[in-house]
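# Chains, contacts and geometry: an overview
Okay, here's what each chain looks like letter by letter:
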Amino acid sequence: MLKRPRRNRKSEAIRSLVQETQLSVTDFVAPLFVTERPTQAIKNMPGILRHNYNDLIKHTEHLVDLGIQAVALFPCIDSCNKDELGSYAIRPDGLIPKTISLLKKTLPSLCVIGDVALDPYTTHGHDGILQGLDVHNDLSVQALAKQALTLARAGADVIAPSDMMDGRVLAIRKILDLHGFEHVSICSYAAKYASNYYAPFRSALGSSLIASDKKSYQLNPANRKEALLEGELDVEEGADMLMVKPALSYLDIISDFERTFKLPICAFHVSGEYAMVMASHNAGILDADHVFLESLLAIKRAGASFIFTYAAERLLENNRLERAINTAQCSVAGQL
Ligand code: PBG
């Protein structure tokens, strides 16, 4: 045989030299849940907490010590602050604006990503404003643009619309620029699928959909070309970064995006992806850290430049990252 590919796998040193994809702490965005209430564990997401907004500062300092540079905030809103229109989302003294200002005051160089969508704030749990049984696109876009402005005023570095309404990136870009926030970036959830993997997130937020689903705005998991159309529109509307979500079941979409668009691509390794691994880990079926490293490496290999993941904190705390290179593979050191 002239060609023996195993030669490039014969030692740790050679494997590292030829390794095509690396994971680094700078690839991660930590999603964080915030509440007005005392800090509390989230039952279906072992290791993840709903943080009281004051405690969140200390927790984020800890993440920054571990090397995390970016966080994305998701609120758990008390039901007394929810209504049909999600009006609490634009309150300048609301939970998220308050948390963003505190974070930016304490940790000015941290990148704070504010999510734009109404579902944490609406009694019906939809991302926009309902008219009859469906979410009304253009009314929702107006509300979402105002929410984006509220987040920018509080100091968000990046606005991340996760609602999947048509035209919302342009509306957000316009309102931000009009008010002098042309430096604030938009990371659009461009290809967000109507996924079953969001279930633990929805229960963490206490946001349950009332007798309905999000299929009239989130993408059909069967479709690939439609994701490209969404990406193209968001590029035209002025997005700075494009997201694919969830991650592992949509690696083909990440790869399409990476090859098609010149913008940075990110992926959201979502709550269900985290919860499944943790449940198996806690049942003694597999090792969570090794599986997370392999999964995150795969998401990067597919084309994501950065990844929103609940696993970041655990991997960093367990000091797994430097070993990311090797733990995902079987060692056949020294053998040809
Ligand atoms: C809603 C939103 C969802 C997630 C982030 N933003 C859920 C949904 O669309 O119902 C899911 C994140 C996760 O599962 O980790 N705007």
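Quick caveat, the model's predicted, so the values are computed rather than measured. (Residues numbered from 1 in each chain as written. Predicted model: local features only at pLDDT ≥ 70, side-chain atom pairs only at ≥ 80, totals over all residues. Heavy atoms only, no water.)

### As for the packing of helix H4 (residues 137-154) against helix H5 (residues 168-178)
Selection criterion: The axes used here are C-alpha line fits, helices contributing only the stretch in contact, and every angle between their N-to-C directions lies in the interval 0 to 180 degrees. Here a strand is any run of E in DSSP of at least two residues, a helix any run of H or I of at least four, and the numbering for each starts at the N terminus. Here roughly perpendicular refers to angles of 65 to 115 degrees, roughly parallel to angles under 35, roughly antiparallel to angles over 145, and oblique to all remaining angles. Two helices that cross are described as forming a left-handed crossing if the nearer one is turned anticlockwise from the farther one by less than a right angle, and a right-handed crossing if clockwise. Should any heavy atoms of two residues lie within 4.5 Å, those residues are counted as being in contact. Residue type decides the class: Asp, Glu, Lys and Arg count as charged, Ala, Val, Leu, Ile, Met, Phe, Trp, Tyr, Cys and Pro as nonpolar, and the leftover types, Gly among them, as polar.
Remark: H4 packs on H5, axes separated minimally by 9 Å, with the N-to-C direction vectors making an angle of 45 degrees. On the basis of their axis angle, the class for H4 and H5 is oblique. Regarding H4 and H5, the two cross each other, and that crossing is right-handed. Where H4 approaches H5, its residues Val-141, Leu-144, Ala-145, Lys-146, Ala-148, Leu-149 and Ala-152 are matched on the opposing element by Arg-168, Ala-171, Ile-172, Ile-175 and Leu-176. Broken down by class, the residue content of the contact of H4 with H5 amounts to ten nonpolar, no polar and two charged.

### Structural notes on the site of the ligand
Put simply, the rule reads: Being near a molecule or strand, for a residue, comes down to having at least one heavy atom within 4 Å of it. Any pair of N or O atoms that falls within 3.5 Å is considered a polar contact. Within protein, one atom must be able to donate a hydrogen and the other to accept it, and sequence-neighbouring residues count only if both atoms are side-chain atoms. Note on areas: these come from Shrake-Rupley sampling with a 1.4 Å probe, and a residue is covered only by the protein chains present in the view.
In the region of the ligand, 16 residues are neighbours, and Arg-202, Lys-214, Lys-245, Ser-271 and Tyr-310 sit closest. Within the side chain of Asp-119, a nitrogen or oxygen atom sits 2.9 Å from a nitrogen atom of the ligand. Out of a free accessible area of 400 Å², the ligand has 100% covered by protein chains. Along the lines of polarity and charge, the residues of the shell around the ligand split into seven nonpolar, three polar and six charged.

### Notes on unusual backbone geometry
In this structure, Pro-246 follows Lys-245 across a cis peptide bond, with omega equal to -10 degrees. With a phi close to 55 degrees, Asn-319 is a non-glycine residue in the positive phi region. Mapped onto the elements of the fold, Asn-319 is located in the loop between helix H11 (312-317) and helix H12 (324-327).

### Quick notes on the confidence of the model for the chain
Stated precisely, the cut-off is as follows: Across the chain, each position has a pLDDT score giving the predictor's confidence in that residue, from 0 to 100.
Mean pLDDT for the chain: 94, with 95% of residues reaching 70 or above. Across residues 323-336, confidence stays below pLDDT 50; counting only partners more than four residues off in sequence or on other chains, it has 30 contacts.

### So, the pattern of salt bridges
Convention followed: Here, a salt bridge means any side-chain nitrogen of Lys or Arg that lies within 4 Å of a carboxyl oxygen of Asp or Glu.
Overall, the coordinates contain 17 salt bridges when judged by the stated rule. Taking the shortest distance from any N to any O, the salt bridge between Arg-37 and Asp-78 comes out at 2.8 Å. Remark: Asp-78 occurs in the loop between strand S4 (70-76) and helix H3 (95-106) and Arg-37 occurs in the loop between strand S1 (28-35) and strand S2 (40-41); sequence separation between them is 41 residues. Between Asp-289 and Arg-320 there is a salt bridge, and its shortest N-O distance comes to 2.9 Å. Of this pair, Asp-289 sits in helix H10 (residues 288-302) while Arg-320 sits in the loop between H11 and H12, and the two are 31 residues apart along the sequence. What emerges from the salt-bridge pattern is a single network uniting Arg-224, Asp-252, Asp-256 and Arg-259.

### Regarding a positive patch on the surface
Rules: Patch membership requires over 30% relative accessible area and the absence of a salt bridge. Like charges are linked within 9 Å, and nonpolar side chains (Val, Leu, Ile, Met, Phe, Trp, Tyr) within 5 Å. This count recognises Lys and Arg as positive and Asp and Glu as negative, with His and chain-terminal groups excluded. The location of each charge is read from NZ of Lys, CZ of Arg, CG of Asp or CD of Glu.
On the surface, a cluster of positive charge is contributed by Arg-4, Arg-6, Arg-7, Arg-9 and Lys-10. Locating Lys-10 in the fold gives a position in the segment before helix H1 (12-18).

### Looking at the packing of aromatic side chains
Counted only if it meets this: Two rings from Phe, Tyr or Trp (for Trp, the six-membered ring) form a pair when their centres sit within 6.5 Å of each other. Planes less than 30 degrees apart are called stacked, planes more than 60 degrees apart edge-to-face, and all others tilted. Under the scheme applied here, a residue whose accessible area is under 20% of the maximum for its type counts as buried, over 50% as exposed, and between as partly exposed, the area being computed with a 1.4 Å probe on protein chains only.
Overall, the coordinates contain 14 aromatic pairs when judged by the stated rule. Taken together, a centroid distance of 6.4 Å and an interplanar angle of 50 degrees make the contact between Phe-33 and Phe-74 tilted. Linking Phe-33 in strand S1 with Phe-74 in strand S4, this pair joins segments that are 41 residues apart in sequence. A relative accessible area of 3% places Phe-74 in the buried class. Considering the side-chain rings of Tyr-274 and Phe-292, the 5.5 Å spacing of their centres and the 5 degrees angle between planes classify their relative orientation as stacked. A residue pair is termed long-range when its members are at least 10 positions apart, and Tyr-274 in helix H9 (residues 271-282) and Phe-292 in helix H10 qualify at 18 residues. As far as burial versus exposure is concerned, Tyr-274 and Phe-292 are alike and both buried.

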